[in-house]
Structure formats: structure tokens, C-alpha cells
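Observations on the three-dimensional arrangement
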Amino acid sequence: MTSNHTDCHYCLQSLRGRKYALREENTYCVTCYDNLFANPCEECKQPIECDSKDLSYKGRHWHEKCFKCTKCSRSLVEKPFAAKDEFLLCTECYSDEYSSKCFHCQKTIMPGSRKMEFKGSSWHESCFVCQYCQQPLGTKPLITKDNENYCVPCFEKQFAHRCYSCKKVITSGGVTYHDQPWHKECFVCSGCRIQLSEQKFISKDEYPYCVDCFNKHYAKKCASCKKPITALGGAKFITFEERQWHGECFNCVKCSVSLVGQGFLTRQDDVLCHECGLA
């Protein structure tokens, strides 16, 4: 601006025919204005005079000619840039130095572009897709297999086991019985329907039974104590003429000596050692 009638607010010299600057409705000669109000340039440390363009970023100021990339010195005026440790860098230099690489395509993820983070790695948003259907995963639930990511429906379609009983997908845990997968809650006793995943069971005609149900319906009864005989836990038993005994119950009915591995005699339904049988 030029003036024909005012004086500098600071030095009081006439501004007639001279350039001046206006600040808060006060007029200043150029020299006073620069001395009082000019911002120092971050690059050259000289005042940014009122007839120069003042470029600012986060409270800092530069001459237009000083606003350039710290590494390659190319001008950043009206160009995208990034800041690192208070230094300004063009996007190319920033990418070379600091940008992460996409886990999928191994190309640089440029500053300002959206990236996805998962398990410590980074992806371009366009690269972070289901391996099977190629649809963007974004923030959807996903499952990883062999370093590839899948949306849940595709993973279930391709890899998930289905329960032998209810035919639904087993998403976690599960039990294997006769080489078939089962949900824990579906693997139950064929008799009383109690869950068997965390207790002992016995198989009969390919069906699982809890010990109580098996003993009740299928186990042979000891001819001596009348209690069920099972092979559970490797227990030994003796069989003779369609009768069975627990190993510890196969004793002489008269003197109670054990007959396991010994010769014995029978008298009607009784078993006797030789001494008692011949007495």
C-alpha cells in the first residue's frame, strides 16, 4: 500500500508517497513493520518481510523459496509433503526413508494413503482382501491360514470342519471320534446324553457311552460279586463256560484262594481249588 497522508505508528515518519503495512488498524512503514512483526524463516533464519510470501505449517514459517524438502531440496510449494522429527520431506523422500511396505505387494504405502495394520504388518487397503473371494476385509472378522487372510464365510467354506452330529461348522476346539470331528457339546453319551468330551467313555457298535450307561446296558456281570465287568483301564477278567469273573473275584468258593492261573474244579455253579474239590 502507499499513503499520501498518514504517519508510521511506530517511528512517526510520514508515509506520504511510501509503501506501508496495516496491522490492527495502525499503519507502519515497511522497515518498522518488518522489525516489529516479521516472522523468522525456519530455513534461512532471516525475517520474512511484508512484501514476501509467508508460508506457515504448525506455527512455523518459511520464505517461499525456502519451503523445500530437507533431503532433495525440491520445492514443496503447493505439493504434498510429510513431516518427520520437525523436518519437511517430499512424499518420495519420506517414502524412501520411513514408509512401510505392503505385506502383500511389497510396494511402499505412500504418506496420506490409508493403510491397514494386522499382526504387526501393514497393507494397502486395496491389498488387504480375502484370499478366496478377493473382497476387502477392512475391519471385518478374519481368519489367517498359512499367512493368507480369509473372511469367515470363505474360511469355513474352504477349511473348517463340520460336526459329524449337527453338521455345523466347528469354529474352535472340538473332539475327534472315529476320525470324525464333533463339537464338544455334540459329543454325548448315546444313552443318557451327558457330554463326554472331558470324561472316560466306552465305544459300542461305533456309538460312545459313558461308563455308567455302558455298564448298565452292555457290561457282563461278574459271576461272583454280580458287578459289571468292563475292560476300562485295562482290568483283567476270566471267562469260563459263558460266565465271567473279575480277576480279583475268581476265587475258590470254599477257601477263597485265588484261582487265577491255577487249575480248578467245578461243582454245579461253584468253582473250587483242587484241594477243596477233592475233599
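Remember, predicted model here, so these are calculated numbers, not experimental data. (Residues numbered from 1 in each chain as written. Predicted model: local features only at pLDDT ≥ 70, side-chain atom pairs only at ≥ 80, totals over all residues. Heavy atoms only, no water.)

Notes on the UniProt feature "domain: LIM zinc-binding" (unreviewed entry) in the chain
Those places that UniProt annotates as "domain: LIM zinc-binding" (unreviewed entry) correspond, in this numbering, to residues 39-99, 100-161, 162-219 and 220-279. Helix makes up 11% of residues 39-99 and strand makes up 26%, while its end C-alpha atoms are separated by 32 Å. For residues 162-219, the helix share is 12%, the strand share is 24%, and the end-to-end C-alpha distance is 33 Å. (UniProt positions renumbered as here; feature names shortened; annotations may be inferred. Helix = DSSP H or I, 4+ residues; strand = E, 2+ residues; numbered from the N terminus.)

Describing the packing of aromatic side chains
Per the counting criterion, the structure on display carries 24 aromatic pairs. Between the aromatic rings of Tyr 150 and Phe 159, the centroid separation amounts to 5.2 Å while the plane-to-plane angle is 75 degrees, which identifies the pairing as edge-to-face. Assessed through its relative accessible area of 31%, Phe 159 is described here as partly exposed. Between Phe 250 and Phe 264 the ring centres are 5.2 Å apart and the planes differ by 85 degrees, which places this aromatic pair in the edge-to-face class. One end of the pair, Phe 250, is in the loop between β19 (243-246) and β20 (265-267); the other, Phe 264, is in the loop between β19 and β20, with 14 residues separating them in the sequence. Accessibility expressed as a relative area gives 2% for Phe 250, which makes it buried. A connected cluster of aromatic rings, assembled from ring pairs, spans Tyr 164, Tyr 177, Trp 182, Phe 187 and Phe 201. Its end group placed over the ring of Phe 37, Arg 23 keeps NZ or CZ at 4.2 Å from the ring centre. Between the NZ or CZ atom of Lys 145 and the centre of the ring of Phe 159, over which it lies, the distance is 5.2 Å. (Phe/Tyr/Trp six-rings, centres within 6.5 Å; stacked < 30°, edge-to-face > 60°. Buried < 20%, exposed > 50% of the residue type's maximum accessible area, 1.4 Å probe, protein only. Lys NZ or Arg CZ within 6 Å of the ring centre and 35° of its normal.)

Here we look at helix α1 (residues 30-37)
Since one α-helical turn is 3.6 residues long, residues separated by three or four positions face the same way. Where α1 is concerned, the buried positions are Cys 32, Tyr 33 and Asp 34. On its buried face, α1 is in contact with β2 (18-23) and β3 (26-29). (Contact = heavy atoms within 4.5 Å.)

So, the environment of Asp 51
Within the fold, Asp 51 resides in the loop between α1 and β4 (54-57). Distance from Asp 51 to Tyr 150, taken between C-alpha atoms, is 60 Å for residues 99 residues apart in sequence.

Brief notes about the confidence of the model for the chain
Of the residues in the chain, 95% reach a pLDDT of 70 or more, and the chain-wide mean stands at 85. Model confidence for the chain, summarised as mean pLDDT per element, is weakest for strand β1 (residues 2-3) at 56 and strongest for strand β5 (residues 60-63) at 93. (pLDDT = per-residue confidence, 0-100.)

Side note on the pattern of salt bridges
By the definition in use, this model includes four salt bridges. Arg 60 is the partner of Glu 42 in a salt bridge, and the nearest nitrogen-oxygen pair spans 3.9 Å. Of the two residues, Glu 42 is situated in the loop between α1 and β4 and Arg 60 in strand β5; the sequence distance between them amounts to 18 residues. Looking at Glu 42, the relative accessible area reads 31%, which means it is partly exposed. The residue Arg 114 makes a salt bridge to Glu 125 at a minimum N-O spacing of 3.0 Å. Here Glu 125 lies in the loop between β9 (121-124) and β10 (142-145) and Arg 114 lies in the loop between α2 (91-97) and β8 (115-118), a separation of 11 residues in the sequence. (Salt bridge = Lys/Arg side-chain N within 4 Å of Asp/Glu carboxyl O.)

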